[in-house]
Amino acid sequence: MKKIEILAPAGSYESLVAAVNASCDAVYIGGTKFGARAYADNLSDETMLRAIDYIHIHDKKIYMTVNTLLKNSELEQELYDYLFPYYKQGLDAVIVQDTGVLQFIGKHFPELPIHASTQMSLTMAQGAEVLKNKGVTRIVTARELGLLEVKSLREGTDLEIESFVHGALCYCYSGQCLMSSMIGGRSGNRGRCAQPCRMPYKLLNNGKQVSALEDKYLLSPKDMCTLDLIPQLIEAGIDSFKIEGRMKRPEYTAGVTAAYRKYTDKYLELGKEKYEIFRQTHKSEINQDIMDLQDLYNRGGFTPGYYSERNGKSMISLNRPNHSGVQVGNVVGVKNNQAVIKLIQDINAQDILEIRDGSENLYEFTVKTAEVKENKYSANFKKGIRIMPGNCVYRTKNNRLINALSAEYLEKEDKILISGELKVETGKPIKLRLFYKDTIAEVIGDLAQEARNQPMTEDKLRKQLIKTNDTAYEFKDLTILLEGNSFIPVQKINELRRNGITALSEAIALKYRRSAAYGLLKEQDNKQDCKQEGTLSYQEDKKTLGISAAVSTKEQALAACEVPEVTNIYLESDAVPFTDLTELTGYIRNKGKNCYLLLPFIFRKATYENFLRNKTILTDNTINGYILRCYEEYYFVTKELQTVVLNKELITDYNLYVMNRSGAEFWKDLGISNFTAPVELNYNELKEMDRVFHDIIVYGYLPLMISAQCLIKTVTGGSNKNYTKTSDTPCCGIDWNESVLTDRFNKNFRVKRHCRECFNTIYNSQCLSLLSNTDEIKELKTRHIRLNFTNESYEETRKILGAFVDSYIFGSRNIDEIKDFTRGHFKRGVE
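None of these values were measured; they are calculated from a predicted model.

### Here we look at the packing of helix H15 (residues 554-561) against helix H16 (residues 578-590)
For step 1, the next point in the chain: Running from N to C, H15 and H16 point in directions that differ by 15 degrees, and their axes come no closer than 10 Å. Here H15 lies roughly parallel to H16, going by the angle between them. Crossing of H15 over H16 shows left-handed handedness. Of the residues in H16, those in contact with Lys554, Ala557, Leu558 and Cys561 of H15 are Leu584, Tyr587 and Ile588.
For step 2, the next point in the chain: Among the residues forming the contact of H15 with H16, the class breakdown is 6 nonpolar, no polar and 1 charged.

Next comes the structure, spelled out in structure tokens:
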């Protein structure tokens, strides 16, 4: 059975060491730039180089996160110089989200393996194959996939598959979230997510609250733990078990890594049948290990994630968005300001406990003396706090566990076993050879002198040489060849040992070094090449600016058809049932408009198969082309629908993030030259990309989240184990069409269910409007402005289109601005 990689998070150098000592196979870590955890204790340039060598000396791998979106200036001016030292040092792989970064690395760092980040929302082998052709060697799957989907992916690609098995879950598909960005200016796509999903919300329908008063954290998933699913995950074909947690402390990294190492290796050792017997006979041990993981961090308990459940209330930590801890007891009595707690778990001195009333934390205190379960423990509390019998007591810090992990994995080092051979011959230089696997290092010392009194014995030489406590090494065997009566000063033996270990470390690290010149342009030529790429013109100036109307309903499509200046209508694929689609697209074409289908934000296996069944409808000659939102869709339209043969036009939507000219080159290589501008670029950044974009969005309620969760199921208690439906009918049986999320500032975010594809969209509370930015938009030399219509009526659609036509086409300056609007990032941009 193949070995499974345990991939540990390293948010700091200390966490990296802890992961190695806990027997990980690889770590993923961020440097000073371009990583998705900008607020982690990321490594400095010098420390990263040291970390690469440390990892290789310990026979592990290190993957660096370059998994944010890069602005054009960053890619052209900074990326090469940033990566080049790590490339030379022997970095094992980079984790990438931005297609421009992917394109750039494939061209300028051809020996560097590329892992496609979970931020790319990959759900099928078809998407993986698109990236394989661009040099990707591994994909990190979307966290939302079920076991059957992972297995199908495994059967369809020979790329390595890496999947998350433990830690925090995002509410939104990774890479599709704009909530933090649009609300607070901190972009998740730039590594600065402020986690608005962990804030309190209410769900309203038709103005009435439908979520329970106590269920405040509707967007806060529980943490994932799949220790019980290890057999199924291995059998599904996952190559690398990825642990989330670069923002966590080193003890967390060590504890979680050790747990997954233990049970993964046990399954590989025993096989399926014997491992099941092991599980049945070691239940208490397994339960204790899971409890230790909960002690380290959990939100409202654990969930197995999406591997066994499509969505549902049981996956959400509704009452608490942060560490929930472990329940250790209950208050059974209160006298004056003292609570008596009946323990259901052992507690330790310096544990931190919380007394809670439901989810409300009433009082936090530190345990003074240890006590065992079933006994009672008394704790004083401050006056005025209303603690009552029945209140639950939780532990949020297990001091014994933290200390044990620190002693085992932080204070001690996992030693590398080496062999040695010392040769001492009187009158000749002493020689020490060290062996580690296929690496040999030899150092030569001073001449061995003739002994005047007591000659050096083999035991004395061995005693000095094996003193490797302050190094990463330990001798498993040491051969000493001693000829003649020689004398060697002790300090010379110590010096020889130090030099030998240094030489061995350098020899191991040297095997990973890359030639500075191999496959690369010279530094100056490289930078000039970047500038030349940046001058490529993708569009030619047009005298007339086109208008594209993206519509979600039939009524909006009909309204757009009545505006002569609208050139393109982008029709959401679920605006009408497939059976009615060609009637509507035919009407649009008869009105003299180009008609394109907006494909779903997420294109999973069930959706792929459903669209394939409707291939005849989708390739109708009334459809000019398709707006792509994910990599699976590119494969689908080019391979299944044969768009090249049918002469259909393809346009990437904003969420495929052509943030830089290198990203445009990526898609151009795949035959696409029409791109929608990302909504996180400001005016100046868009100006760097002039002539690149087919569309710039100037109006609309932008999607903030695309989620596999269903808010209706969350508040009603429904769940969906296995998704196979292909109709628009809600599987929960509840017809709530006017649902909105309300935050603590009473801002309303409209929620739309896409039941055919089984995902929710949460829209911004404010409408994007660049109605008064006509001159600036025209300076960007886009071919079209695009207006996104979501919930507008026929009349509202006509009115809004009319305002933009007057402003952008006829140059009117007396236009009433949209009420309660935002300019998004057009002015401010993101960090």
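There's more to say after this.
### So, helix H6 (residues 147-156)
For step 1, the next point in the chain: Regarding H6, the residues found buried are Leu147, Glu149, Val150, Leu153 and Arg154. An end-on view of H6 places all buried positions within 160 degrees of arc, on one side of the element. Exposed side chains of H6 directed beyond 90 degrees from the buried face belong to Leu148 and Glu155.
For step 2, the next point in the chain: For H6, the elements touching its buried residues are helix H5 (125-132), strand E6 (136-140), strand E7 (160-167), helix H8 (230-236) and helix H17 (605-613).

### As for the sheet that holds strand E24 (residues 473-483)
For step 1, the next point in the chain: Taking strand neighbours across the sheet as the criterion, the 4 strands line up as E22-E21-E20-E24 in an open arrangement whose pairing is mixed. Of all strands in the sheet, those with a lone pairing partner are strand E22 (439-447) and E24, marking the two edges. On average, adjacent strands in this sheet sit at an angle of 15 degrees to one another, irrespective of strand direction.
For step 2, the next point in the chain: Pairing between strand E20 (residues 416-425) and E24: 10 bridges, direction parallel. From the neighbouring strand, Ile418 faces E24, where its bridge partner is Phe475.

### Remarks on the pairing of strand E1 (residues 5-10)
Where a strand is regular, its side chains alternate between the two sheet faces.
For step 1, the next point in the chain: Among the 6 residues that make up E1, 6 are buried, leaving the element largely enclosed by the rest of the structure.
For step 2, the next point in the chain: Here E1 shows no split at all, with Glu5, Leu7 and Pro9 on one side and Ile6, Ala8 and Ala10 on the other all buried.
For step 3, the next point in the chain: By the bridge criterion, 3 bridges tie E1 to strand E11 (residues 240-243) in an arrangement that is parallel. Its bridge partner being in E11, Leu7 is matched across the sheet by Lys242.
For step 4, the next point in the chain: Of the strand pairs in this sheet, E1 and strand E2 (residues 26-30) are connected by 4 bridges, and their pairing is parallel. Of the residues in E2, the one forming a bridge with Ala10 is Ile29.
For step 5, the next point in the chain: Taking the sense of rotation as the criterion, the β-α-β connection linking E1, helix H1 (residues 13-21) and E2 turns out right-handed.

### What about the packing of aromatic side chains?
For step 1, the next point in the chain: Under the definition given, this model contains 26 aromatic pairs.
For step 2, the next point in the chain: Aromatic side chains Tyr267 and Tyr275 sit 5.3 Å apart centroid to centroid with 80 degrees between the ring planes, which places their arrangement in the edge-to-face category.
For step 3, the next point in the chain: Three or more aromatic residues link up through ring pairs in this structure, and these residues are Tyr80, Phe84, Tyr87, Phe104 and Phe109.
For step 4, the next point in the chain: In this structure, Arg143 is placed above the aromatic ring of Phe164, and the distance from its NZ or CZ to the ring centre is 3.9 Å.

### A closer look at the sheet that holds strand E8 (residues 202-205)
For step 1, the next point in the chain: Read from one edge to the other, the open sheet built from 6 strands follows the order E9-E8-E35-E36-E37-E33, with strand pairing classed as antiparallel. Two strands bound the open sheet, and with one partner strand each, they are strand E9 (208-209) and strand E33 (703-707).
For step 2, the next point in the chain: The pairing of strand E36 (residues 748-754) with strand E37 (residues 759-763) spans 4 bridges and is classified as antiparallel. Residue pairing across strands places Lys752 opposite Thr761, the latter belonging to E37.

### Details of H17
Along an α-helix, residues three or four positions apart point the same way, because every turn accommodates 3.6 residues.
For step 1, the next point in the chain: For H17, the full list of buried residues reads Ala606, Thr607, Tyr608, Asn610 and Phe611.
For step 2, the next point in the chain: Where H17 is buried, its residues contact H5, H16, helix H18 (615-618) and helix H19 (631-640).

### Focus on the nonpolar core
Soluble globular proteins tend to bury their nonpolar side chains together.
For step 1, the next point in the chain: Counting 208 residues, the largest nonpolar core has Leu16, Ile62, Leu219, Trp667, Leu741 and Leu787 as its most contacted members.
For step 2, the next point in the chain: Here this core gets 10 residues from one element, more than from any other, and that element is helix H9 (residues 250-281).
For step 3, the next point in the chain: Membership of the second largest hydrophobic core comes to 27 residues, among which are Leu434, Phe475, Ile493 and Ile501.

### Notes on the confidence of the model for the chain
For step 1, the next point in the chain: For the chain, the mean per-residue pLDDT works out to 92, and 95% of the residues sit at or above 70.
For step 2, the next point in the chain: This model gives residues 517-542 a pLDDT under 50, and the stretch forms 48 contacts once residues within four places in sequence are excluded.

### Some words on the environment of Arg813
For step 1, the next point in the chain: Positionally, Arg813 belongs in the loop between helix H25 (794-808) and strand E40 (821-822).
For step 2, the next point in the chain: You can call Arg813 exposed: its relative accessible area is 53%.
For step 3, the next point in the chain: C-alpha separation for the pair Arg813 and Lys713, spaced 100 residues apart in sequence, amounts to 47 Å.
For step 4, the next point in the chain: Excluding its chain neighbours within four sequence positions, the residues that come into contact with Arg813 are Asp775 and Ser807.
For step 5, the next point in the chain: One polar contact links the side chain of Arg813 to the main-chain carbonyl oxygen of Gly811, over a distance of 3.2 Å.

What counts, and where the lines are drawn
- Residues numbered from 1 in each chain as written.
- Predicted model: local features only at pLDDT ≥ 70, side-chain atom pairs only at ≥ 80, totals over all residues.
- Heavy atoms only, no water.
- Axes fitted to C-alpha atoms, helices over the stretch in contact; angles between N-to-C directions.
- Helix = DSSP H or I, 4+ residues; strand = E, 2+ residues; numbered from the N terminus.
- Parallel < 35°, antiparallel > 145°, perpendicular 65-115°, else oblique.
- Left-handed = near helix turned anticlockwise from the far one by under 90°.
- Contact = heavy atoms within 4.5 Å.
- Nonpolar A, V, L, I, M, F, W, Y, C, P; charged D, E, K, R; others polar.
- Buried < 20%, exposed > 50% of the residue type's maximum accessible area, 1.4 Å probe, protein only.
- Arc of directions from axis to C-beta.
- Pairing = 2+ DSSP bridges.
- Right-handed = clockwise from strand over helix to strand, strands pointing away.
- Phe/Tyr/Trp six-rings, centres within 6.5 Å; stacked < 30°, edge-to-face > 60°.
- Lys NZ or Arg CZ within 6 Å of the ring centre and 35° of its normal.
- Core = buried A, V, L, I, M, F, W, Y, C linked by side-chain atoms within 4.5 Å.
- pLDDT = per-residue confidence, 0-100.
- Polar contact = N/O pair within 3.5 Å; in protein donor to acceptor, adjacent residues only side chain to side chain.

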